[in-house]
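# Coordinate analysis (summary)
For reference, the chains in residue letters:
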Amino acid sequence: MTKDNFESELPDGYELKLHIDAKDKKTAVIYIVLSFLPILVMLTAAILMIEYVRGWNTHGNILTSLITILVACAVCIAYIILHEITHGVTYKILTGAKLRFGLRWNVAFCGVPEIYVYRKAAKIAVLMPFIVFTVIFAGLTAGMYFVSDTAFLGAALIFGLHLGGCAGDLHVTYLLDHKFKDSKTLMRDTGPEQFFYVKTKKNNE
């Protein structure tokens, strides 16, 4: 934890440049659409791999398939929780600030609404779940290919859910990489909302 990663109050000379609100209906719809695309892509890719690489195994046990599906659903629920905890742990390490967790109809979230986080630390905290769970689920999906068709499809579904669930995080990362390149950029993250602040030209001179 270092004070260099955040400000307790917005410093003089900063102005709000962009506000993203996942509670906004238009934004929510866009994120939901984007979240379903990776699921469709992953399931389609998994089906094509089974169909054209090795062929379907028609000797599967119905009970085993049902258990696999239930396990996949449980993993999906656990993942949503772990995703937000990963945000929280990263924010806690970088800032030590009080965390805010929550759940709305269209988004689970973790934020640090009482502080303003500098660009580098904000990017790390926002992107960390994507990095960690992409590695985990990529390995899981590859391994399940050799277990059974149902297990492979379940893992592909989870992987797709993960990638889709990172739509908002990747959008924020894109903005920090392309629109807010100044290291002095500050972001206030309430969880469902992100506020981006930049120093005015007058104060940069």
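Let me sum up the structure you'll find in this document. All values reported here derive from a predicted model rather than from experimental measurement. (Residues numbered from 1 in each chain as written. Predicted model: local features only at pLDDT ≥ 70, side-chain atom pairs only at ≥ 80, totals over all residues. Heavy atoms only, no water.)

## Some details on helix 1 (residues 25–54)
So the rule is basically this: Only DSSP runs of H or I reaching four residues or more are called helices, and only runs of E reaching two or more are called strands; each is numbered from the N terminus. One less than the number of residues in a helix, times 1.5 Å, gives the span that helix is expected to have. Three labels apply to residues, based on accessible area from a 1.4 Å probe with only protein chains included: buried if under 20% of the type maximum, exposed if over 50%, partly exposed otherwise in between. In this analysis, two residues are considered to be in contact whenever any of their non-hydrogen atoms come within 4.5 Å of each other. Pairs of N or O atoms within 3.5 Å make up the polar contacts considered here, provided that, within protein, one atom can donate a hydrogen while the other can accept it, and that residues adjacent in sequence are counted only when both atoms are side-chain atoms.
For helix 1, which comprises 30 residues, the first-to-last C-alpha distance of 44 Å matches the rise-based estimate of 44 Å (1.5 Å per residue) to within 8%. For helix 1, the set of buried residues is Thr 27, Ala 28, Tyr 31, Ser 35, Pro 38, Ile 39, Met 42, Ala 46 and Ile 50. Where helix 1 is buried, its residues meet strand 2 (14–21), helix 4 (149–165) and helix 5 (167–178). Measuring from the backbone nitrogen of Lys 26 back to the side-chain oxygen at the start of helix 1 gives 3.2 Å, which picks out Asp 24 as the cap. Phi for Gly 55, located one or two positions after helix 1, is positive at around 85 degrees.

## Digging into the side chain of Asp 169
What counts is decided by this rule: We treat Lys and Arg as the positive residues and Asp and Glu as the negative residues; His and chain ends play no part in the count. Think of a salt bridge as a Lys or Arg side-chain nitrogen and an Asp or Glu carboxyl oxygen that are within 4 Å of each other.
Along the chain, Asp 169 falls in helix 5. Put simply, Asp 169 is tucked away with no salt bridge, and the nearest opposite charge, on Lys 123, sits 14 Å away. There is a polar contact of 2.9 Å between the side chain of Asp 169 and the side chain of His 83. Non-local contacts of Asp 169, meaning those with residues more than four positions away in its chain, are made with His 83, His 87 and Val 126.

## Describing the packing of aromatic side chains
As a reminder, the rule being used: In this scheme Phe, Tyr and Trp rings, the latter by its six-membered ring, pair at centre separations within 6.5 Å, and the angle between planes marks the pair as stacked below 30 degrees, edge-to-face above 60, and tilted otherwise.
Scanning the model with the defined rule gives seven aromatic pairs in all. Their ring planes at 25 degrees and their centres at 5.9 Å tell us that Phe 133 and Phe 137 sit as a pair that is stacked. With Phe 133 and Phe 137 both in helix 3 (residues 119–144), this residue pair falls four residues apart, about one helical turn. Neither residue differs from the other here; Phe 133 and Phe 137 are each classed as buried.

## As for the layout of surface pockets
We apply this condition: Using a 1 Å grid laid over the protein atoms alone, points where a 1.4 Å probe fits but cannot get out form a cavity; open sets with protein on both sides within 12 Å along at least 5 of 7 lines form a pocket; any residue with an atom within 4 Å of a point counts as lining. Grid points are joined across faces, edges and corners, and a volume is the space filled by probe spheres set on the points. The classification used treats Ala, Val, Leu, Ile, Met, Phe, Trp, Tyr, Cys and Pro as nonpolar, Asp, Glu, Lys and Arg as charged, and all other residues, Gly among them, as polar.
Of the volumes computed, that of the largest pocket is approximately 810 Å³. Every residue lining the largest pocket is counted, 33 residues in all, and those nearest its centre are Glu 84, Asn 106, Val 107, Ala 108 and Gly 165. Elements that contribute at least two residues to the lining of the largest pocket include exactly helix 1, helix 2 (62–95), strand 4 (108–118), helix 4 and helix 5. Grouping the amino acids of the lining of the largest pocket by side-chain chemistry returns 20 nonpolar, nine polar and four charged.

## Looking at the environment of Val 147
Along the chain, the position of Val 147 falls in the loop between helix 3 and helix 4. The exposure class assigned to Val 147 is exposed, which follows from its relative accessible area of 55%. The spatial distance from the C-alpha of Val 147 to the C-alpha of Pro 113 is 44 Å, given a sequence separation of 34 residues.

## Quick notes on the nonpolar core
Our working rule: Throughout this description, the term nonpolar core refers to a set of buried Ala, Val, Leu, Ile, Met, Phe, Trp, Tyr and Cys residues connected via side-chain atoms within 4.5 Å.
If you look at the biggest cluster of nonpolar residues, it comprises 21 residues, and the most contacted ones within it are Tyr 91, Val 117, Val 172, Met 187 and Phe 196. Going through the elements one at a time, helix 2, strand 4, helix 3, helix 5 and strand 6 (193–199) are the ones with two or more residues in this core. No other element matches helix 3, which puts four residues into this core. Excluding residues within four positions of it along the chain, Met 187 makes contact with Tyr 91, Ile 115, Tyr 116, Val 117, Ala 122, Val 126, Val 172, Gln 194, Phe 195 and Phe 196.

## Overview of the packing of helix 3 against helix 5
Applicable threshold: Orientation is described by axes fitted as lines to C-alpha atoms, over the contacting stretch for helices, and by angles from 0 to 180 degrees between their N-to-C directions. If an angle is under 35 degrees, it is roughly parallel; if it is over 145, roughly antiparallel; if it lies from 65 to 115, roughly perpendicular; otherwise it is oblique. By the definition used in this description, the sense in which the near helix is turned from the far one sets the handedness, with an anticlockwise turn below a right angle giving left-handed and a clockwise turn giving right-handed.
Where helix 3 meets helix 5, the axes come as close as 9 Å, and the angle between the chain directions of the two elements is 150 degrees. One finds that helix 3 runs roughly antiparallel with respect to helix 5. Considering how the two elements wind past one another, helix 3 and helix 5 form a crossing that is left-handed. On helix 5, the residues that touch Arg 119, Ala 122, Lys 123, Val 126, Leu 127 and Phe 130 of helix 3 are Asp 169, Leu 170, Val 172, Thr 173, Leu 176 and Asp 177. Residue classes in the contact of helix 3 with helix 5 are distributed as seven nonpolar, one polar and four charged.

Nothing here speaks to function; it is geometry throughout.
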